[in-house]
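Architecture and fold: a report
What follows is each chain in one-letter form.
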Protein chains: 2
Amino acid sequence: MAPTLSAPRLANLLGQSDSTGPAYRDLADRIRLLVIDGRVPDGSRLPSERALAVALGVSRTTTTRVYAELRDTGLLHSRQGSGSIVRLPLSASNASSLIVSAPETDTIAMTFSAPIGPPGLARAFEAAAAKLPGLLATTGYLPDGLPALREIIAQRYTDRGLPTDPSQIVVTSGAQGAISLLGRVLVQPGNRVIVEGTSWPHAPESLVAAGARLTSMPVGETPWDPEALAAAVRGAAHQAAYIIPDFHNPTGAVMTDEERGAWAHELRRNDIVPVVDESLRDVNLDGIELPPSFGTYDDRCVIVDSTSKTLWGGLRIGWARVPHELVLPLVQARMNQDLGTAGFEQLVVAELLTEGGQTAAAGRARLRANRDHLLSELATSLPEIIAPCPGGGSSLWVTLPERMSSRLVASAARHGLTLTPGPRFFTSPVPASERHLRLPFMPNQDALTEAVVRMRRAYDEVTGGSASTDNSPDSRDTLELIA
Amino acid sequence: MAPTLSAPRLANLLGQSDSTGPAYRDLADRIRLLVIDGRVPDGSRLPSERALAVALGVSRTTTTRVYAELRDTGLLHSRQGSGSIVRLPLSASNASSLIVSAPETDTIAMTFSAPIGPPGLARAFEAAAAKLPGLLATTGYLPDGLPALREIIAQRYTDRGLPTDPSQIVVTSGAQGAISLLGRVLVQPGNRVIVEGTSWPHAPESLVAAGARLTSMPVGETPWDPEALAAAVRGAAHQAAYIIPDFHNPTGAVMTDEERGAWAHELRRNDIVPVVDESLRDVNLDGIELPPSFGTYDDRCVIVDSTSKTLWGGLRIGWARVPHELVLPLVQARMNQDLGTAGFEQLVVAELLTEGGQTAAAGRARLRANRDHLLSELATSLPEIIAPCPGGGSSLWVTLPERMSSRLVASAARHGLTLTPGPRFFTSPVPASERHLRLPFMPNQDALTEAVVRMRRAYDEVTGGSASTDNSPDSRDTLELIA
């Protein structure tokens with residue numbers, strides 16, 4: 001099913017490493033991570049040992065040892081005549097623990113950047129339950145969303161200066177549900193789509209699944225250099241641009257007023273649809289003054305949002321605010337995707353969006369305290385890491401002193417801490433990606449303290465070049481599911 | 001965005017008509033239906049009046065009047081130099097009523113073949129609420145499903161003779177959520193997929209959206225003629241086959257033991273993955289003895305199922321039971337689709353699947369009474385329609401005395417009854433499709449009685465050739481969303 005990976009492509013994905021340990025072990029670890037987080041799809045055929053050695057500029061002996069190590073741990077299967085096929089080591093007994101880090105284990109997961117349910121949520125479920133009979137008297141199919149919720153969401157946009165009719169709101173299964181649906185509707189195979197140099201990886205991946213060819217913006221001082229955009233769109237027609245202008249995931253950056261104006265102008269001039277992810281806009285931890293919504297700069301905007309970061313991801317409620325002519329195509333695509341989102345959670349969200357904001361405020365307060373705690377623990381125990389304080393969002397975007405992100409993540413997994421390697425957030429491979437790490441401040445403060453202790457151990461292991469003796473697959477092959 | 005429709009293709013979609021009324025009105029009505037139900041995508045460019053006249057074998061004057069009528073009702077927009085573009089007439093004021101038939105109107109919807117919530121459901125919601133705190137203490141992301149629910153589902157398969165490990169179950173947003181996800185994982189663009197000659201339309205449509213080329217089985221005495229399958233796969237390699245062997249939607253047919261054996265053998269011999277939709281298997285209204293699950297004939301089977309027909313579609317809970325090697329690819333695809341299904345409804349379904357089956361039994365009893373009531377009303381008031389009694393499922397598949405299905409549906413909409421035209425359920429256009437209609441026995445018995453009264457009026461209008469004077473767009477342009 002999956003394609004053959006060329007040696008230059010794999011070398012590109014592997015990037016450069018500053019590892020001081022054995023090269024074969026470092027390479028094996030990094031290939032394992034690529035497989036686990038899906039950048040090398042399960043079932044892919046790897047290039048020959050000889051070709052990979054050439055592409056990486058290492059000896060043939062090294063790549064032979066790399067493949068031998070991967071075979072020993074069950075990740076690589078070599079078949080006569082069909083090359084070396086990557087296989088995630090999945091057995092009935094460990095599949096579940098691979099997929100979601102089992103809460104009964106001691107492992108701390110810092111891959112999902114999303115909160116546990118805030119205190120007010122149980123009350124909102126109760127209030128929604130009182131309205132359940134009305135819903136049960138219908139077939140329950142809501143491909144466009146619960147009318148009452150669509151009205152509340154539209155009114156919020158109107159109140160914030162973006163006049164919106166309820167019919168422009170399509171309720172989806174989270175922001176990701178909206179993005180994948182928009183991919184189906186906006187993107188024809190081969191269309192080009194602009195993405196930031198770093199991004200929330202599932203968004204560009206779902207656009208690629210819809211057939212898009214991505215144009216990555218350069219990674220620089222700002223994710224939104226207007227001149228870089230102008231240069232990119234000069235060369236080729238683009239269909240859409242997916243951006244996260246407010247507390248950008250993963251960097252935490254906020255698009256300035258000038259950048260918004262310049263981007264809106266350039267996108268409109270080139271007939272490119274802005275798909276604007278505002279799912280972090282309300283996770284404004286320090287109450288900073290944000291420029292107006294990108295939607296106010298360009299009325300062709302598609303805005304996607306969700307309650308996953310502000311309230312709870314387990315609700316699986318998001319939405320798209322779209323120009324009128326996109327509503328029906330989205331709903332028709334929805335019928336072929338999953339017929340709609342559960343109505344009960346839409347009742348719950350309708351409660352939470354009209355209660356006055358105290359549940360969201362409590363969630364922000366907890367996040368703020370967690371952020372400050374994690375920053376303080378890092379400053380004390382891991383001063384080698386540069387960790388700027390983001391004004392909003394739910395994760396830190398830290399800089400490591402050398403290119404070691406994937407090695408650090410592999411080592412941390414052996415110490416009971418799952419992290420997402422920095423390169424996962426880059427939309428095109430650049431060597432600097434190995435100097436970054438996203439650290440969600442999501443588990444509770446005790447867990448964050450312990451996480452930093454384990455990160456310190458992993459850091460020492462990686463920088464000391466000491467090889468771990470614990471190679472148990474249980475602790476290493478945790479599937480990388482991030483949110 | 002949408003493609004140009006060639007005149008032969010449109011003529012093919014329109015099929016033949018036995019209309020005795022004005023040809024232009026009949027053609028305009030049928031084109032409108034094609035647009036509303038999505039077979040002609042919103043934004044498509046229609047062929048020229050001249051080309052369509054040639055393809056249909058009618059006069060140029062007729063097609064000119066057809067396009068004029070479509071323009072008058074706002075469905076067709078003719079632009080200088082860019083031809084005639086189809087546009088669903090969507091305005092802020094009527095979008096909502098287009099999308100879901102508003103409950104406050106008098107219209108009876110017989111498009112969704114799915115029940116309202118059965119009596120035991122509210123109790124299951126309460127029981128699930130007691131378990132909510134455990135869920136709220138997590139991030140709520142369950143890309144593979146709630147472990148407890150996966151265990152219960154796996155045990156049910158094991159109990160029914162199909163030994164299953166919980167890790168083989170991936171919980172999805174309904175059966176359609178499973179089918180669209182499987183399309184992403186199993187189908188590469190250009191792959192061929194076998195489908196029955198009639199089917200649940202959103203399934204083949206989502207496979208086509210994933211790039212599949214469909215091979216339709218012939219429509220005959222049975223949807224599963226083994227010789228037809230053998231002939232179809234002899235000519236070209238196929239990747240998968242999507243079938244509904246138990247109370248087939250829409251025909252109600254049940255695949256015989258012999259057919260199961262023959263199909264399983266032929267599919268295995270040709271390395272074709274069976275994707276088996278069992279979402280109606282438990283809607284066994286007369287308690288007839290079914291052959292064993294198709295899964296027992298071929299262990300390479302992917303089985304999809306859902307609680308939408310047995311319990312309530314508003315839960316949006318379904319699942320896929322897959323061979324081990326498909327689990328991780330499905331979960332990875334899920335992360336790019338919508339990150340998973342809401343956990344609360346999974347708690348509700350876990351309650352309902354372990355309570356002993358009384359809620360599902362109550363739902364079946366209601367369905368059975370509705371089925372018998374609809375059959376009796378039809379026999380009394382519309383004896384021209386041949387309506388066999390299906391042993392299970394949630395709809396009748398009736399035969400009309402002439403090719404009139406689309407005209408009958410258009411007329412019924414003017415009388416306040418929304419139906420789905422027969423051709424919608426055919427996976428390739430055949431003239432006989434206009435002699436069929438799917439009639440869900442879903443609203444309550446009073447509504448079914450009134451529905452048959454309205455259908456009688458529509459039938460008389462169509463067979464009398466009398467043109468309706470009520471052409472209000474409100475009653476005609478109800479978007480065709482079916483389930």
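Residues numbered from 1 in each chain as written. Chains lettered and ligands numbered in written order. Predicted model: local features only at pLDDT ≥ 70, side-chain atom pairs only at ≥ 80, totals over all residues. Heavy atoms only, no water.

On to the packing of helix 16 (residues 358-381) of chain B against helix 18 (residues 445-464) of chain B, then. Residue and element names in this part refer to chain B. The N-to-C vectors of helix 16 and helix 18 enclose an angle of 30 degrees; their axes lie 10 Å apart at closest approach. By the angle class used here, helix 16 and helix 18 are roughly parallel. Crossing angle aside, the handedness with which helix 16 passes helix 18 is right-handed. Note on element contacts: helix 18 touches helix 16 through Q445, L448, T449, V452 and R456, opposite A369, N370, H373, L374, E377, L378 and S381. Classifying every residue of the contact of helix 16 with helix 18 gives five nonpolar, five polar and two charged. (Axes fitted to C-alpha atoms, helices over the stretch in contact; angles between N-to-C directions. Helix = DSSP H or I, 4+ residues; strand = E, 2+ residues; numbered from the N terminus. Parallel < 35°, antiparallel > 145°, perpendicular 65-115°, else oblique. Left-handed = near helix turned anticlockwise from the far one by under 90°. Contact = heavy atoms within 4.5 Å. Nonpolar A, V, L, I, M, F, W, Y, C, P; charged D, E, K, R; others polar.)

A word on unusual backbone geometry. All names here are of chain A. Residue N249 is joined to P250 through a cis peptide bond whose omega torsion reads 15 degrees. Topologically, P250 is positioned in the loop between strand 8 (240-243) and helix 12 (257-269). The residue D271 is not glycine, and still its phi comes out positive at about 60 degrees. Inspection of the secondary structure puts D271 in the loop between helix 12 and strand 9 (273-277). Residue classification places D271 among the exposed positions, given a relative accessible area of 58%. (Buried < 20%, exposed > 50% of the residue type's maximum accessible area, 1.4 Å probe, protein only.)

A word on the pattern of salt bridges. Residue and element names in this part refer to chain B. All chains considered together, the criterion is met by 48 salt bridges over all chains. With its nearest N and O atoms 2.7 Å apart, the salt bridge here joins R260 to D246. With R260 in helix 12 (residues 257-269) and D246 in the loop between strand 8 (240-243) and helix 12, this residue pair connects regions lying 14 residues apart in the sequence. On the basis of relative accessible area, R260 is assigned to the buried category, the value being 0%. With a relative accessible area of 0%, D246 lands in the buried category. (Salt bridge = Lys/Arg side-chain N within 4 Å of Asp/Glu carboxyl O.)

Right, let's talk about the packing of aromatic side chains for a bit. Under the definition given, this model contains 13 aromatic pairs over all chains. Considering the side-chain rings of W397 of chain A and F426 of chain A, the 6.0 Å spacing of their centres and the 40 degrees angle between planes classify their relative orientation as tilted. Note that W397 of chain A is positioned in strand 12 (residues 395-399) and F426 of chain A in the loop between strand 14 (420-421) and strand 15 (436-440), a separation of 29 residues in sequence. Of the residues examined, W397 of chain A reaches a relative accessible area of 11% and is grouped as buried. Site record: aromatic cluster; members linked through ring pairs are F125 and F344 of chain A together with F125 and F344 of chain B. Note that R321 of chain A overlies the ring of Y157 of chain A, its terminal NZ or CZ placed 5.8 Å from the centroid. (Phe/Tyr/Trp six-rings, centres within 6.5 Å; stacked < 30°, edge-to-face > 60°. Lys NZ or Arg CZ within 6 Å of the ring centre and 35° of its normal.)

All names here are of chain B. With respect to the element layout, P274 can be found in strand 9 (residues 273-277). Overall, P274 belongs to the buried group, its relative accessible area being 0%. Sequence-distant contacts of P274, defined by excluding residues within four places in its chain, comprise A241, L267, F294, D298, R300, C301 and V302.

Moving on, we come to the side chain of E461 of chain A. Mapped onto the elements, E461 of chain A comes out in helix 18 (residues 445-464). Side-chain polar atoms of E461 of chain A contact the side chain of H415 of chain A, separated by 3.1 Å. (Polar contact = N/O pair within 3.5 Å; in protein donor to acceptor, adjacent residues only side chain to side chain.)

Another point: the sheet that holds strand 6 (residues 192-195) of chain B. Residues and elements named next belong to chain B. Strand order across the open sheet formed by seven strands is 5-11-10-9-8-6-7, with mixed pairing between neighbours. In the strand order of this sheet, the two ends are held by strand 5 (169-172) and strand 7 (213-216), each with one partner. Pairwise comparison of adjacent strand axes, ignoring direction, gives a mean angle of 20 degrees for this sheet. (Pairing = 2+ DSSP bridges.)

Residue and element names in this part refer to chain A. According to the domain assignment, chain A consists of domain 1 (7-86), domain 2 (108-113 + 359-477) and domain 3 (121-353). A C-alpha centroid distance of 27 Å is found between domain 2 and domain 3. Facing 20 residues of domain 2, the contacting portion of domain 3 comprises 26 residues. Three residues, R424, F425 and T427, lead the burial of domain 2 against domain 3; their summed loss comes to 27% of the area buried on that side. Viewed at the interface, domain 3 and domain 2 are joined by two salt bridges. Along the contact surface separating domain 2 from domain 3 lie 12 residue pairs in polar contact (both at pLDDT 80 or more). Per-element accounting of the side of domain 2 that touches domain 3 gives the leading share, six residues, to helix 16 (residues 358-381). Here the residues of the side of domain 2 that touches domain 3 are counted per class, giving seven nonpolar, eight polar and five charged. (Domains from an automatic or database assignment. Buried area = accessible area lost by both parts, 1.4 Å probe.)

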